[in-house]
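Analysis of the macromolecular model
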Amino acid sequence: MTAIRTHTVIDSPIGALTLVAAGENLCGLYMAEHRHKPDESTFGDRSTAVFGEVESQLAEYFEGDRTEFSVPLAPVGTEFQKRVWDTLRTIPYGETWTYMELAQTLGNPLAIRAAAAANGKNPISIIVPCHRVVGSDGSLTGFAGGLERKRFLLDREHGGESDVLF
């Protein structure tokens, strides 16, 4: 039986965030202008009933008081994508990996492009920290919410002082 989906939209320093839940589990966190965002008709009815803890943890993260998230997740994807997304959650707060390091951690250094593609389709941004993956030379590369948001998130995690991007 498929869990009923609901969604809500919250404000954040990087603009509006759409949270999507399947039952009690977070299955989507999308930014405005998010690349690869599913059709909003799949998000279910608007409700705030199940999002209190997610909102609270996100607020703590943006305040600099939270470095890990503990909300239940239910991302939808292939087995490989889920492995990538689980691996992303092991990148420590305030650190970055290259796509090569991500592929190596997955056990297949030749899977750089596949790992990068799965990273780009991460449906739970921020909480599954795809923004912590950078190019081999340390440059900012692709981010579903845009490079300005990626820079903002990384700056915050590295002790940056910027408060609001949008």
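Computed from a prediction, not measured in an experiment: that's the story for all the values here. Counting of residues starts from 1 at the beginning of each chain's written sequence and follows it residue by residue. Local features in a predicted model are, by the rule used here, given only for residues with pLDDT of at least 70; side-chain atom pairs are given and counted only at 80 or more, and totals for whole chains, interfaces and linings are based on all residues. Computation of side-chain values covers all heavy atoms of the structure but excludes hydrogens and water.

Moving on to the confidence of the model for the protein chain. Per-residue confidence from the predictor is given as pLDDT, running between 0 and 100. Confidence along the protein chain averages 91 in pLDDT terms, with 95% of residues attaining 70 or more. Within the protein chain, helix α5 (residues 147-157) has the poorest average pLDDT of any element, 92, and helix α2 (residues 79-88) the best, 97. We call two residues in contact whenever any of their non-hydrogen atoms come within 4.5 Å of each other. Contacts of residues 162-166 to residues separated by more than four positions or lying in other chains number 17 contacts, the stretch itself having pLDDT below 50. Strands here are runs of E lasting at least two residues and helices are runs of H or I lasting at least four, both read from the DSSP assignment and numbered beginning at the N terminus.

In the contact formed by α2 and helix α4 (residues 112-120), the axes pass within 9 Å of each other and the chain directions differ by 75 degrees. It follows that α2 is roughly perpendicular to α4 by the angle criterion. Together, F80, Q81, V84, W85 and L88 of α2 and A114, A115, A118 and N119 of α4 make up the contact between the two elements. The nonpolar class holds Ala, Val, Leu, Ile, Met, Phe, Trp, Tyr, Cys and Pro. Asp, Glu, Lys and Arg form the charged class, and all remaining residues, Gly among them, are polar. A per-class count over the contact of α2 with α4 returns 7 nonpolar, 2 polar and no charged. Angles run from 0 to 180 degrees between N-to-C directions of axes, and those axes are lines fitted to C-alpha atoms, restricted for helices to the stretch in contact. Under this scheme an angle from 65 to 115 degrees is roughly perpendicular, one under 35 degrees roughly parallel, and one over 145 degrees roughly antiparallel; angles in between are oblique.

Under the feature "domain: Methylguanine DNA methyltransferase ribonuclease-like" (unreviewed entry), the UniProt entry names residues 7-75. Across residues 7-75, the secondary structure splits into 17% helix and 28% strand, with the terminal C-alpha atoms separated by 14 Å. UniProt positions are given in the numbering used here, feature names are shortened, and annotations may be inferred rather than shown by experiment.

Another aspect to go through is the packing of helix α1 (residues 52-63) against α5. Viewed as axis vectors pointing N to C, α1 and α5 meet at an angle of 75 degrees, and their least axial separation amounts to 9 Å. Taken as axis vectors, α1 and α5 run roughly perpendicular relative to one another. On α5, the residues touching Y61, F62 and E63 of α1 are F152, L153, R156 and E157. The residue inventory of the contact of α1 with α5, partitioned by class, reads 4 nonpolar, no polar and 3 charged.

Once that is clear, we can look at the sheet that holds strand β1 (residues 5-10). Here, any two strands with at least 2 DSSP bridges between them count as paired. The strand order β3-β2-β1-β4 describes an open sheet built from 4 strands, whose pairing is mixed. Edge positions in the sheet fall to β3 (25-31) and β4 (45-46), since each has one partner strand and no second. Across 6 bridges, the pairing between strand β2 (residues 17-22) and β3 is antiparallel. Following the sheet pairing, T18 is matched in β3 by Y30. The sheet contacts of α1 involve β1, β2 and β3, and relative to β2 the element is tilted by about 140 degrees.

Looking now at the pattern of salt bridges. A pair is scored as a salt bridge if a Lys or Arg side-chain nitrogen falls within 4 Å of a carboxyl oxygen belonging to Asp or Glu. In this structure the tally under the stated criterion is 5 salt bridges. With a closest N to O distance of 3.1 Å, E33 and R149 form a salt bridge. Pair noted here: E33 is in the loop between β3 and β4 and R149 is in helix α5, with a separation of 116 residues, a long-range link. Residue classification places E33 among the exposed positions, given a relative accessible area of 63%. Per-residue accessibility, obtained with a 1.4 Å probe over protein chains only, is compared with the maximum for each type, and a residue is labelled buried under 20%, exposed over 50%, and partly exposed between these values.

For Phe, Tyr and Trp, where Trp contributes only its six-membered ring, two rings pair if their centres lie within 6.5 Å, and the inter-plane angle classes them as stacked under 30 degrees, edge-to-face over 60, or tilted in between. Applying the stated criterion to the full structure yields 4 aromatic pairs. Ring centres of Y30 and F43 lie 5.5 Å apart, and the angle between their planes is 5 degrees; on these two criteria the pair is classed as stacked. One end of the pair, Y30, is in strand β3; the other, F43, is in the loop between β3 and β4, and 13 residues separate them in sequence. Across this residue pair, the class does not change: Y30 and F43 are buried. Here Y61 and Y93 contribute two aromatic rings whose centre-to-centre distance is 6.3 Å and whose plane-to-plane angle is 90 degrees, an arrangement assigned as edge-to-face. With a gap of 32 residues between them, Y61 in helix α1 and Y93 in the loop between α2 and β5 (97-98) connect regions that are remote in the sequence. Accessibility expressed as a relative area gives 24% for Y93, which makes it partly exposed. Each residue in the set Y61, F62, F69 and Y93 is aromatic and connected to the rest through ring pairs, giving one cluster.

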